[in-house]
Amino acid sequence: MAAVQWRSRGRNYDTELQRCRPEAAPVEFGDYHPLKPIMVTDTKTRRGARKGSTSSSSSSSSSAPADPLSSMLDGTDPLSMFASEAPTISHSASTGVDLGRKRREKEEEAVGQDFEPWSSKRGEILARFTTTEKLSIVSHPPSQQQRSRSAVSEKVRTRLEELDDLEEGSQRELLNLSQQDYANRIEELNQSLKEAWASDQKVKALKIVIQCSKLLSDTSVIQFYPSKFVLITDILDTFGRLVYDRIWTMCSDPRPLPESFTVDDVNDTAKETCLNWFFKIASIRELLPRLYVEAAILKCNRFLNKSGIQETLPRLTAMIRGIGDPLVAAYTRAYLCRVGMEVAPQLKDSLNRNFFDLLGTFRQISGESVQNQLVQQRVEVPEYLTLYSPAINWILQCIAYRAPEPLLTEMMERCKKLGNNALLLNSVMRAFRPEFVAARATDFIGMIKDCDEAGFPKHLLFGSLGRSLACADPPESERLTILNEAWKVVTKVRSPQDYINCAEIWMEFTCRHFTKREVNTILADIIKHMTPDRAFEDAYPQLQSVIRKILTYLHDFSVLFAMERFLPFLDMFQKDSVRVEVCRSIMEVFIKHQVEHTRDPVILNAMLHILISFILSDPWRNYFILNYVSFGRDFEQQLSFCVEARATFCNLEPVLVQVSQPHPFITIPSLSSIFSRLSLYLLSGQVALANQCLSQADAFLKAAVSILPEVPRSISVEGKLRSSESFLLDFINNFLATLLVVPDHPEHGVLYLVRGLLNMVQDYTWEDNSDAKVRVYVSALPLLAAMSQETYLYSIPKVDSNETLYGGDPKFLSEINKLSETLIGQILDHLKTLGRDESTRRQGALAFSLFGVLLAHGDLRNNKLSQLAINLWNLSHKHGYCETRVSVRTLEYIKHQALQPDMSHLTDTVQRLALQSRT
């Protein structure tokens, strides 16, 4: 051990830093720049040219450096090669492709991603229109009307007989079905349809669709009608797809039919089959199922003639006029619009005609037939009118899609002619683009005032208007008037649920365009309406939405917390899970937008109030909000705040860790986490050093060393027990790095903190078969080598480290060398032990680590130290466990170092280091 004779090599850190910096090479750019894009052009080999020669054009100067990527391509880029090898496309084929592409682009242009599909509305309708009444599904018997043989052709009679034969034996009525039973039965019919189709029972499949369509004439449970419409039209859609796909398949033999096919591409067999389907549907005697089923296969007109869809849509639109019930007629028109938007969205004339016909049916609502039906089913007029909403909203959405602004003006005029029908006005505001509605917000408010309150509540109309104004801005001069007029109506709503639904919508408009004064006024009004009878307990989603909208627009928390009603508004969130979620959202926004530290007492008191509500359930994530508190050089205020926080959160260790820094001697010992205590003692010692408080720094560092024996061998990490060894080694390495700048205490001897740490490491109970203790010794050697330098690698301003205190005193250097030799002796003894235990992999890894330390920090001009390094190299490679790539790079580094004037002695050493193959 004494034969090692450790000696650190002298280091000039500034010179080494200069060597590591890359050399600056002058570059004459000219027209060339490495970030300038390289233009690659198509290249073709000239006929008659010799092999290998090409004709190409280049966008860069001939004097520019060659592009290494282009040179690898031998003058031709891969995409150009594939293009040149592609087969020539005939003119007719290319024309067809171009036409198909143009047609698809035209269709995409007609209906794009901004059009909300029917499928997105399906779930909302089913959830909204429910009933507790019992439902029934009736299979109607065939009509007994006599048919004149002379008036009906043989083919038509045969088709009618087929349909009538199928009805026989299937006439039944399922009574007293719940809503869920009804939905299940409809789904069974949908499956039966698919099974019948798959088993080639096409007529049976058609009959199932006819029976389902007939159900749409039944309004005996009128509240459920919109949901019934959704369920049954699902079956119609399935039938339409099956028929279309069947005929498509018949056209795809032997080659697939192009997406943009024409009538000329359809073979005669497919046309005959398609006509047969339309003839069968024309044979259905009842109007409603005939309408629905023909609409379901409307797309199949593409197989027969070019103008089939264009001719059929107006005819079906006119046929709907024969339906007597206005609600049934409205949904029939909605289905026709739905199908029309899918197959021919450009035919807006039919959509408009459908809508204008719908307006004409509004007069029927006040008629005797409808009124008697409502009395019989005990349904009020406002509730009945809401049943029209899905149908009217959909029809208007189809009409308003990418419609010009004058169309909205026309719709508003029609509403006025109908006496400002509230149902229609509501749908108009929801269908047209928000920018169009916002520009006419004042006009809409005037129309809403003139509506009949009994037919459709005005607060719903203001809710629809508010949704548009949340997306688009009205004229600035009208905004305050709009808010005042809207709030006059909203604040008079008696139902707390209706009130908060509307108030939540208008909060966004208020936050977007007004100050904290108006926002505070609305918050006060919400508290006034929602506090009686604890109505807020049924409105947590809407109240949370109000908070989200406020946080979206108000990021100045001094303004937010200065609002008188904001914290009382938060007090309405009394359900723990909801309150926690709200507090989390507030703190996330605070952390995101509070860039600077604050000492504002309004913010601090409010955030502590919020923190108390939230941190109990999620302490680890959000206590970092305390990092945003700073009183500058006012240490008394800082200390006072931390004392208050410590008293408030005395049982929450994460908070105690955060606030411990102003008074660590009091707080740190009370922490239960050993690694929190170690880290805080080290951090406090570093802070004390930075502030020239040397005695306090000594006390903190000694305290950290003294509790090392308390570190358990395993700790809980995210609920799982893990070895503490890696965490302890990380801490010790950080601690060693700090000790370089800590001056020795005059009363405790040379290197007393280093010796104290190593003694604790020596006495600590490490895991069995662990090399951790010896790895600490290896890590301590670079520290001791750094301490022996004339100028330290880093220092703390106004703090004299040992380099100044000892000034290179030989006795100090001798103590460093003796301690280093002791550590090396301990490491070598451990290596021998590993050899005896046949732990050759661990032995090789440890030997290579020590070799690296000797190479970087030892003076290898000393023969014995140089020989030790060579022995360690050989030992690390003896059993072939050392990674060859690392070894090769190490040798290259040593050879590079040997070129330096003061490192020439490494030339002999590197010649004696050999790579050994694995055995």
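Going by an unreviewed UniProt entry, the protein chain carries the name VPS35 endosomal protein-sorting factor-like and comes from Sparus aurata. UniProt lists a comment for the protein chain under the heading Sequence similarities (unreviewed entry), and it reads "Belongs to the VPS35L family."

Chemist: Please clarify how the overall build of the protein chain should be interpreted in this entry.
Modeler: The helix and strand tally for the protein chain stands at 46 helices and four strands. Each of the 919 residues in the protein chain was classed as buried or not, and the buried ones make up 48%. If you take every contact in the protein chain between residues at least 6 apart in sequence, the share linking residues at least 24 apart comes to 72%. Here the protein chain displays about 48,600 Å² of accessible surface, and carbon together with sulfur accounts for 51% of that area.

Chemist: Can you help me understand the packing of helix α37 (residues 694–706) against helix α39 (residues 752–763) in this one?
Modeler: Between two packed helices, both the angle of their axes relative to each other and the distance between the axes serve to describe the pair. Direction vectors running N to C along α37 and α39 enclose 15°, while the axes themselves pass 9 Å from each other. If you check the angle between α37 and α39, you find them roughly parallel. Of the two possible hands of crossing, α37 and α39 adopt the one that is left-handed. Along the contact surface, α37 presents D698, L701, K702, V705 and S706, while α39 presents Y752, L753, G756, L757 and M760. Of the residues contributing to the contact of α37 with α39, the split by class is six nonpolar, two polar and two charged.

Chemist: Help me understand helix α30 (residues 576–593) in this model?
Modeler: Within an α-helix, residues lying three or four positions from one another point in the same direction, as the helix has 3.6 residues per turn. Look at α30: 26 Å from first C-alpha to last across 18 residues, which is about the 26 Å you get at 1.5 Å a residue. Burial in α30 covers these residues: V578, R579, V580, V582, C583, R584, S585, I586, M587, V589 and F590.

Chemist: Got a minute to help me understand the nonpolar core in this structure?
Modeler: Within soluble globular proteins, side chains that are nonpolar tend to cluster in buried spots. In this structure, F303, L465, W506 and I526 are the most contacted members of the largest nonpolar core, which totals 179 residues. Not counting the four nearest positions on each side in its chain, I526 is found in contact with Y499, I500, A503, M507, L543, V546, F569 and M572. Core analysis: the second largest hydrophobic core is formed by 89 residues, L729, F851, W873 and L906 among them.

Chemist: Help me understand the pairing of strand β4 (residues 720–723), please; the structure alone is not making it clear to me.
Modeler: In summary, the side chains of a regular strand alternate between the two faces of the sheet. Sheet topology places strand β3 (residues 714–717) next to β4; four bridges connect them, and they run antiparallel. Residue pairing in the sheet places S716 in a bridge with L721 of β4. Between β3 and β4, which follow one another and run antiparallel, lie two residues, and E718 among them has a positive phi close to 55°.

Chemist: What am I meant to see in the packing of helix α13 (residues 326–343) against helix α14 (residues 348–360) here?
Modeler: In contact at an axis separation of 10 Å, α13 and α14 are set at 170° when each is read in the N-to-C sense. Accordingly, the angle class assigned to the pair α13 and α14 is roughly antiparallel. Contact with α13, carried on its side by A330, R333, L336, C337 and M341, involves L351, N354, D357 and L358 of α14 and no other residues of that element. Of the residues contributing to the contact of α13 with α14, the split by class is six nonpolar, one polar and two charged.

Chemist: Any chance you could explain the pattern of salt bridges here in plain terms?
Modeler: Pairing is possible between side chains that carry opposite charge, provided their charged atoms lie close to one another. Tallying each qualifying case throughout the model produces 30 salt bridges. With a closest N to O distance of 3.2 Å, D114 and R402 form a salt bridge. Taken as a pair, D114 in the loop between α4 (91–110) and α5 (119–128) and R402 in the loop between α18 (389–400) and α19 (405–417) lie far apart in primary sequence, 288 residues in all. The shortest N-O distance in the salt bridge between R755 and E815 comes to 2.8 Å. Here R755, found in helix α39, pairs with E815, found in helix α42 (residues 810–836); they are 60 residues apart in sequence, far enough to count as distant. Residue R755 is classed as partly exposed on the basis of its relative accessible area, which comes to 28%. The class for E815 is partly exposed, based on a relative accessible area of 28%. Connected through salt bridges with shared partners, the residues R7, D859 and R861 form a single ionic network.

Chemist: Would you mind showing me how to read the environment of F115 here?
Modeler: Within the element layout of this structure, F115 appears in the loop between α4 and α5. On the basis of relative accessible area, F115 is assigned to the buried category, the value being 10%. Apart from residues no more than four positions distant in its own chain, F115 is found in contact with M341, W394, Q397, C398 and Y401.

How each quantity is defined
Residues numbered from 1 in each chain as written. Predicted model: local features only at pLDDT ≥ 70, side-chain atom pairs only at ≥ 80, totals over all residues. Heavy atoms only, no water. UniProt positions renumbered as here; feature names shortened; annotations may be inferred. Helix = DSSP H or I, 4+ residues; strand = E, 2+ residues; numbered from the N terminus. Buried < 20%, exposed > 50% of the residue type's maximum accessible area, 1.4 Å probe, protein only. Contact = heavy atoms within 4.5 Å. Areas by Shrake-Rupley, 256 points an atom, 1.4 Å probe, with all protein chains shown as cover. Axes fitted to C-alpha atoms, helices over the stretch in contact; angles between N-to-C directions. Parallel < 35°, antiparallel > 145°, perpendicular 65-115°, else oblique. Left-handed = near helix turned anticlockwise from the far one by under 90°. Nonpolar A, V, L, I, M, F, W, Y, C, P; charged D, E, K, R; others polar. Expected span 1.5 Å × (residues − 1). Core = buried A, V, L, I, M, F, W, Y, C linked by side-chain atoms within 4.5 Å. Pairing = 2+ DSSP bridges. Salt bridge = Lys/Arg side-chain N within 4 Å of Asp/Glu carboxyl O.

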